[in-house]
Amino acid sequence: MAFLLKGARVVDPQLNLDAVMDVRIDGETIDEVAATVKPQVGDIVIDAKGKVLTPGLVDMHVHFRDPGFEYKETIETGSRAAVHGGFTDVATMPNTNPVTDNGAAVRFQIDRGNEVGLIHVRPMGALTKGSKGQELAEIGNMVDEGASAFSDDGHGVQSAGMMRTVMEYVSQFDRVVAAHCEIESISAGGLVNEGRASTRLGMFGWPALGEELEISRDIDLCRLTGCPLHICHISTGRGVELVRAAKKEGLPVTAEVCPHHLFLSEDDITDAYNTNLKMNPPLRTAEDTLALQTAVADGTVDCIVTDHAPHAAHEKDCEWEISYFGCIGLETSLPLMITNMVRTNKLSYTGLVRAMAVNPRRILRLEPIKIAAGYKADLTLFDPNKKVQITPEYFESKSKNSAFIGSELYGVATDVFVDGKRVLANEVVVPGEEK
């Protein structure tokens, strides 16, 4: 099937391209990109005037809960949420049940994603068996089956010696170690950021130092082993400075940030105790959010990710102390970035595409997607001026635990193409089919 997108603003920093163009898709690939492309017989013509076309968005940090916790999310419902949010690729974290720590578990997720037929599922494998931080997981076997990277996300690897071992091993396979940075002996029992929030709310605090110490340690181990290191869901200004210094030194260090850490702070947690604001790591200070926004704009932070963490209603609709950490984010990430960064002139569309499409593919060692003839047609088309009200009914995700319910945002994905197949059409998810 062939599609012709007419009059889109095409943004692709890999080609230094930001211009109004026509783009024709034929089969799985881009057939032609030009100022004017004439439709051929049978082409489905899409009016893209006023919309922005980019390489397909990639979220390299999501939790689809499948297998083991399908009551929260499945690969199918997570895929629908991803497409609705404008994404063509996601990297799923390994804290499933059983933990994704062997090749068979990686292959299950890839095969299930292909059966659903909506997006590319790129599983991350665990660094250690059961993510317990004690024994090396089956790294080579997982690489053979398609693991995109390695992480014990949900836990920091507490032993520096164990982290050195896994980094030395992973470095042999041209993969990145994605580090959840948390010294548990410091963060233990913490429910909110240690400081004003913990004092005001009367809850145990989680100090920023518990994150920053492990960032510093893992950067030192990166220097020692040469293994590429990716800092997950960075949340503090000091953490940003550590990454900035490592990059200046020339170390292979990258970092990601979530919209909730960019645009919410501990001050947003009120005595209403909205548990959708309970995060891991926690919401930090307003000063931290500004430092993180600056780091996105100057490229110190490479990627925008969601840490999409679906939970059932009973796991969130309870006391703060016992509620689960995390919120969903796939369907609000793009509009949050457009509303708070692009429309405020803190970030250009070129910067947005780097952070949400180009850099994640580079870090995950995926083939580049460029808006040029011959490249795979994994593309995202969005309307940057359309308003959206964030309500529970808005979500395709099985879970509704969003930190941004009630917000009015700008920017909506209208069409998504994966392998040339239109999986989102006029904001509606198209039923998948086996690829």
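Going along each chain's sequence as written, the residues are numbered from 1 onward. Local features in this predicted model are restricted to residues of pLDDT 70 or higher, and side-chain atom pairs are both shown and tallied only at a pLDDT of 80 or more, whereas totals for entire chains, interfaces and linings draw on every residue. Only hydrogens and water are removed before side-chain values are computed, so all heavy atoms of the structure are retained for them.

On to the overall build of the protein chain. Counting its secondary structure elements, the protein chain contains 13 helices and 18 strands. For 435 residues, the compact-globule formula gives about 22 Å, and the C-alpha radius of gyration of the protein chain, at 21 Å, lands near that figure. Dimensions of the protein chain along its principal axes, counting C-alpha atoms only, are 65 × 50 × 45 Å. A burial count over the protein chain gives 62% of its 435 residues as buried. Numbering of helices and strands runs from the N terminus, with a helix taken as a DSSP run of H or I at least four residues long and a strand as a DSSP run of E at least two residues long. Restricting the calculation to C-alpha atoms gives the radius of gyration, and the globule rule supplies 2.2 Å times the number of residues raised to the power 0.38. Exposure classes here rest on a 1.4 Å probe applied to the protein chains alone. A residue is buried below 20% of its type maximum, exposed above 50%, and partly exposed in between.

The next thing to look at is the pairing of strand β6 (residues 57-62). A large share of β6 lies buried, amounting to 6 of its 6 residues. As paired strands, β6 and strand β7 (residues 87-92) are joined by 4 bridges and run parallel to one another. Residue pairing across strands places L57 opposite F87, the latter belonging to β7. For crossovers, right-handed means that the path from the first strand over the helix to the second runs clockwise, given strands pointing away from the viewer. Crossover connection from β6 via helix α1 (residues 75-85) to parallel β7: handedness right-handed. One bridge is not enough; two strands pair if DSSP finds at least two bridges between them.

This paragraph deals with α1. Burial analysis of α1 places 9 of its 11 residues in the buried class, the great majority of the element. Phi turns positive, to about 100°, at G86, one or two residues after α1.

Here we take up the UniProt feature "active site" (unreviewed entry) in the protein chain. UniProt positions are given in the numbering used here, feature names are shortened, and annotations may be inferred rather than shown by experiment. The UniProt entry lists D307 under the feature "active site" (unreviewed entry), expressed in the numbering used here. Note that D307 resides in the loop between β14 (303-304) and α11 (313-316). Accessibility expressed as a relative area gives 10% for D307, which makes it buried. Residues contacting D307, with those up to four places away along its chain left out, are H61, H63, D153, H233, C258, N280 and C327. Throughout, a residue-residue contact means that at least one pair of heavy atoms, one from each residue, lies within 4.5 Å.

A sheet is described by the order of its strands in space; here 4 strands give the open sequence β9-β12-β13-β14, paired in parallel fashion. Looking along the sheet, the strands with just one partner apiece sit at the ends: β9 (177-179) and β14. In terms of strand pairing, β9 meets strand β12 (residues 229-231) through 3 bridges, oriented parallel. Following the sheet pairing, V177 is matched in β12 by L229.

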